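As a plain string of letters, each chain reads:
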Amino acid sequence: MRAFLLLLLLFPVIELFVLVKVGMSIGFLATFLLVVAGSMLGVFVVRVAGLATAMSARESLARGELPAQQMMDGLMMTVGGGLLVLPGFISDVLGLICLMPFTRRLLVNKVRQRAEASATRQRAFADDLRSAGSSPGAGRPASRQPEVIEGEVIEGEFEPLDKK
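Scoring rules and cut-offs
- Residues numbered from 1 in each chain as written.
- Predicted model: local features only at pLDDT ≥ 70, side-chain atom pairs only at ≥ 80, totals over all residues.
- Heavy atoms only, no water.
- Helix = DSSP H or I, 4+ residues; strand = E, 2+ residues; numbered from the N terminus.
- Buried < 20%, exposed > 50% of the residue type's maximum accessible area, 1.4 Å probe, protein only.
- Contact = heavy atoms within 4.5 Å.
- Areas by Shrake-Rupley, 256 points an atom, 1.4 Å probe, with all protein chains shown as cover.
- Salt bridge = Lys/Arg side-chain N within 4 Å of Asp/Glu carboxyl O.
- Lys, Arg positive; Asp, Glu negative; His and termini not counted.
- Polar contact = N/O pair within 3.5 Å; in protein donor to acceptor, adjacent residues only side chain to side chain.
- Axes fitted to C-alpha atoms, helices over the stretch in contact; angles between N-to-C directions.
- Parallel < 35°, antiparallel > 145°, perpendicular 65-115°, else oblique.
- Nonpolar A, V, L, I, M, F, W, Y, C, P; charged D, E, K, R; others polar.
- Phe/Tyr/Trp six-rings, centres within 6.5 Å; stacked < 30°, edge-to-face > 60°.

Within the chain, the regular secondary structure consists of five helices and zero strands. Out of the 164 residues in the chain, the part that is buried amounts to 18%. Looking at the chain alone, contacts between residues at least 24 apart form 52% of all its contacts between residues at least 6 apart. Of the roughly 13400 Å² that the chain leaves accessible, carbon and sulfur atoms contribute 68%.

See below:
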């Protein structure tokens, strides 16, 4: 989490540094036009990706399949388009990496592997909790009943127990 926070704080600084260096190399107007063109491309990609993902998911559902791959591709295209919308060249490069089919498949597979590993750890943890809650040799988890203490309510004045 700390690495993510550090990256979140450093990213704009690095992006601004690269933007200034490119601006000094090719000029302000060319840099400005590149940033605006990248943002316009990002808006276009986000709109097209959303529509294409919805159509592809609908076709998969009509065939009786789960549209997991289409949804992940659409998510990566949306992230790529969002990165293109951000002003700067580093975010544009990252956005293009998310948009290229080869690298998109690699990223989707990596995300899927991490999700499966996380789900496996969670299942193992849940199984450990279930086995710890069961009585030895019973073969099934012990049912936990709340402890109920019965009593009566007496209206009136009460004296603390520690005063004697």
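Before going further, it helps to examine the pattern of salt bridges. For the structure shown, the criterion picks out one salt bridge. Here aspartate 73 makes a salt bridge to arginine 104, at a shortest N to O gap of 3.7 Å. Of this pair, aspartate 73 sits in helix H3 (residues 68-85) while arginine 104 sits in helix H5 (residues 101-133), placing them 31 residues apart in sequence.

What follows is about the side chain of glutamate 15. Looking at the secondary structure, you find glutamate 15 in helix H1 (residues 2-26). Here glutamate 15 occupies a buried position and makes no salt bridge, while the nearest side chain of opposite charge, lysine 21, is found at 15 Å. Of note is the side chain of glutamate 15, whose polar atom sits 2.7 Å from the backbone nitrogen of phenylalanine 89. A polar atom in the side chain of glutamate 15 sits 2.7 Å from the backbone nitrogen of isoleucine 90. Apart from residues lying up to four places away in sequence, glutamate 15 is in contact with Pro87, Gly88, Phe89, Ile90 and Ser91.

Here we take up the packing of H1 against helix H4 (residues 89-99). Following both chains from N to C, one finds H1 and H4 inclined at 105°, their axes separated by 7 Å at the closest point. The angle between H1 and H4 falls in the class roughly perpendicular. Contacts from Phe11, Ile14, Glu15, Val18, Leu19 and Val22 of H1 reach H4 at Phe89, Ile90, Ser91 and Leu94. Here the residues of the contact of H1 with H4 sort into eight nonpolar, one polar and one charged.

Let us look at the packing of aromatic side chains. Per the counting criterion, the structure on display carries one aromatic pair. Plain terms: the ring middles of phenylalanine 28 and phenylalanine 32 are 6.0 Å apart, the flat faces sit at 20° to each other, and that makes the pair stacked. Highlighted residues: phenylalanine 28 and phenylalanine 32, both in helix H2 (residues 28-62), separated by four residues, approximately one helical turn.

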